[in-house]
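Fold and geometry: a report
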Amino acid sequence: MDDLTYGTRNKRGDWAPNEPPGTAPLFVWPPRPGALLKWLPHYFLPYNVLFFLSALAWWHWVVPPVEIMQTVSWVWVLRLFAVNAVAVFLWYGLFELRLYVQRAQGNRFKYNARFPADHPSEAFWFKSQTRDGMMRAFLSAVPIWTGLQVGVLWAFANGYAPWLEWTSHPVYLAALCIAVPVIHEFHFFCIHRLIHTPTLYKWVHSVHHNSVNPSPWSSLAMHPVEHLLYFSTILYHLVIPSHPMIALYQLHVAGFGAVPGHVGFDKVELTEGTAIDSHAHIHYLHHKHFEVNYGDGLIPIDRWFGTFHDGSKEAEARMNARYQAKKARMNGKSEKTA
Ligand SMILES: [Zn+2]
Ligand SMILES: [Zn+2]
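Under an unreviewed UniProt entry, the name given to the chain is Sterol desaturase family protein, and the organism recorded is Thetidibacter halocola. Reading the Subcellular location (unreviewed entry) entry of the UniProt record for the chain gives the comment "Membrane".

So this is what it looks like as structure tokens:
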């Protein structure tokens, strides 16, 4: 595919889309039903449908029967851990292999022309962004993900969570499934904004921001505290009436859903003429500029707080004005304390 019909490439070779990514027409006033209808397929396809189906598969084939989940035992916990680890390896590895090892589409649609593997950095374990991300995924992300999963399933099995059945509450549970990505976005924005406060940024979130030019394994390259906060999105389902399968779906949106945002390419080519949108540009700009786009744009919270950056010149100017104002504030403070 010719990426220059969709965007432009600058002197450094970095590609940017012509059309800035907007926020979803979900929480806008006045409502825009036409835009909403046009956008709706993107809400489901392909990622959320895939994560929903994977949660369904886990519920039917990986998670043990309720009587067994009432007691935590190594047998089912280790099995769950192994399946999660293999799935993470395959899902993240697929993007890594095709786009970064085989470099199947070269630089086409790539936001940053450089490939991290060509530029080893002291910031990473073994100087490798990929190895660092993989190790953090298997040493910390998957154990914490599985731990929370086990805790929530155990709570459901023992009657500590409000469990509704599909047969008696089909409409409510279907609506809850549709709301899962919105819950994720709300939770992600809150914890992400929290770990951008100076102390938590320094000790926790700076690990994730070592990837200034993110690639698939950057997705789960986080400090364990961030993993805990990030995956705790599943805990909402201990409070709101829900179903354990929907809790699993919530976790899969977080666990598997991180990859599109870190893929580094705007489109992933499937064949010569077809590609799927990654919707990665908003989060790519977060990794590039740090204090913009704390959310992914599903809820326009960044717009409300003035931190939205869509890659346009106007957004760049807004961001620079904000940074200047912050610098002036900081200088004022240090003069006062001096
Ligand atoms: Zn990120
Ligand atoms: Zn961040």
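Okay, the overall build of the chain next. Secondary structure summary: the chain contains 14 helices and 4 strands in total. Against the compact-globule benchmark of 20 Å for 338 residues, the chain has a radius of gyration of 21 Å, which places it among compact chains. The principal-axis extent of the C-alpha atoms belonging to the chain is close to 60 × 55 × 50 Å. Taken over 338 residues, the chain has a buried fraction of 37%. Counted over contacts in the chain with a minimum sequence separation of 6, partners at least 24 positions apart contribute 66%.

Next up on the list: the environment of Leu 148. Along the chain, Leu 148 turns up in helix α5 (residues 129-157). For Leu 148, a count of 20 C-beta atoms within 10 Å gives the class buried. Excluding its chain neighbours within four sequence positions, the residues that come into contact with Leu 148 are Phe 231, Ser 232 and Ile 234.

Where α5 contacts helix α10 (residues 244-255), the axes come no closer than 10 Å and their chain directions differ by 165°. Put simply, α5 runs roughly antiparallel to α10. The crossing of α5 and α10 is right-handed. On α10, the residues touching Trp 145, Gln 149, Val 152, Leu 153 and Phe 156 of α5 are Pro 244, Ala 247, Leu 251 and Gly 255. Split by residue class, the contact of α5 with α10 holds 7 nonpolar, 2 polar and no charged.

This part takes up the domain arrangement of the chain. With domains assigned, the chain is organised as domain 1 (39-307) and domain 2 (310-338). In this structure, domain 1 and domain 2 have C-alpha centres spaced 31 Å apart.

Moving on, we get to helix α7 (residues 198-209). Along its 12 residues, α7 runs just 13 Å from first to last C-alpha, ending more than 12% under the 16 Å computed at 1.5 Å per residue. Next to the buried residues of α7 lie α8 (224-231).

All right, on to the UniProt feature "transmembrane region" (unreviewed entry) in the chain then. With numbering matched to this structure, UniProt assigns "transmembrane region" (unreviewed entry) to residues 44-62, 74-95, 137-157 and 169-191. Counted over residues 44-62, helix gives 89% and strand 0%. Its end C-alpha atoms are 24 Å apart. Annotation note: span residues 74-95, helix share 100%, strand share 0%, distance between end C-alpha atoms 32 Å.

Turning our attention to the nonpolar core. If you look at the biggest cluster of nonpolar residues, it comprises 58 residues, and the most contacted ones within it are Phe 231 and Tyr 249. Elements represented by at least two residues in this core include exactly α2 (47-62), α4 (74-101), α5, α6 (170-194), α8, α10, α11 (258-262) and α12 (281-289). Per element, the largest residue contribution to this core is 11 residues, and it comes from α5. Contacts of Tyr 249, omitting those with residues within four sequence positions, involve Phe 51, Phe 52, Ala 55, Cys 177 and Val 180.

This brings us to α4. The largest bend in α4 is about 30°, located at Gly 93. Among all positions of α4, only Leu 80, Asn 84, Val 88, Tyr 92, Phe 95, Glu 96, Leu 99 and Tyr 100 are buried. In the core, the buried residues of α4 are packed alongside α2, α5 and α11. Downstream of α4 by one or two residues, Arg 103 has phi in the positive range, about 50°.

The next thing to look at is the packing of α2 against α10. Put simply, α2 and α10 touch, their axes get as near as 8 Å, and they point 130° apart. With respect to α10, the element α2 is oriented oblique. Viewed along their axes, α2 and α10 form a crossing whose handedness is right-handed. The segment α2 lies against α10, with Asn 48, Phe 51, Phe 52, Ser 54, Ala 55, Leu 56, Trp 58 and Trp 59 engaging Pro 244, Met 245, Leu 248, Tyr 249, His 252 and Val 253.

This paragraph deals with the environment of Trp 163. When you line up the elements, Trp 163 lands in the loop between α5 and α6. Trp 163 sits in the partly exposed class, given 16 other C-beta atoms within 10 Å. Leave out the neighbours within four places in its chain, and Trp 163 touches Phe 156, His 243 and Pro 244.

Inspection of the secondary structure puts Phe 95 in helix α4. Classification of Phe 95 as buried rests on a count of 21 C-beta atoms within 10 Å. Setting aside anything within four residues of it in sequence, one finds Phe 95 in contact with Pro 216, Val 259 and Val 263.

Cut-offs and rules
Residue indices begin from 1 for each chain and proceed along its sequence in written order. Written order determines the labels here, with chains lettered from A and ligands numbered from 1. In view of the model being predicted, local features appear only for residues whose pLDDT reaches at least 70, and side-chain atom pairs are presented and counted only at 80 or more, with totals across whole chains, interfaces and linings using the full set of residues. UniProt positions are given in the numbering used here, feature names are shortened, and annotations may be inferred rather than shown by experiment. Runs of E in the DSSP output that reach at least two residues are strands. Runs of H or I that reach at least four are helices, and both are numbered from the N terminus. Here the radius of gyration uses the C-alpha set of atoms, whereas the globule reference equals 2.2 Å times the residue count to the power 0.38. Partly exposed residues are those falling between the two cut-offs: more than 12 but fewer than 20 other C-beta atoms within 10 Å of their own, whereas 20 or more means buried and 12 or fewer means exposed, with C-beta atoms placed from the backbone. By definition, residue pairs are in contact when their C-beta atoms, positioned from the backbone, come within 7 Å. Lines are fitted to the C-alpha atoms to define the axes, a helix being fitted only along its stretch in contact, and any angle between axes, read from their N-to-C directions, falls within 0 to 180 degrees. We call two directions roughly parallel when the angle between them is under 35 degrees, roughly antiparallel when it is over 145, roughly perpendicular when it lies between 65 and 115, and oblique otherwise. Handedness of each helix crossing follows the sense of rotation of the near helix against the far helix: counterclockwise by less than a right angle gives left-handed, clockwise gives right-handed. Residue type decides the class: Asp, Glu, Lys and Arg count as charged, Ala, Val, Leu, Ile, Met, Phe, Trp, Tyr, Cys and Pro as nonpolar, and the leftover types, Gly among them, as polar. Residue ranges for the domains originate in an automatic or database domain assignment. In a helix, the anticipated span is given by 1.5 Å times the number of residues less one. Definition of nonpolar core: a set of buried Ala, Val, Leu, Ile, Met, Phe, Trp, Tyr and Cys residues joined via C-beta atoms within 7 Å. The bend reported for a residue corresponds to the angle between axes fitted to the seven residues ending at that residue and the seven starting there.

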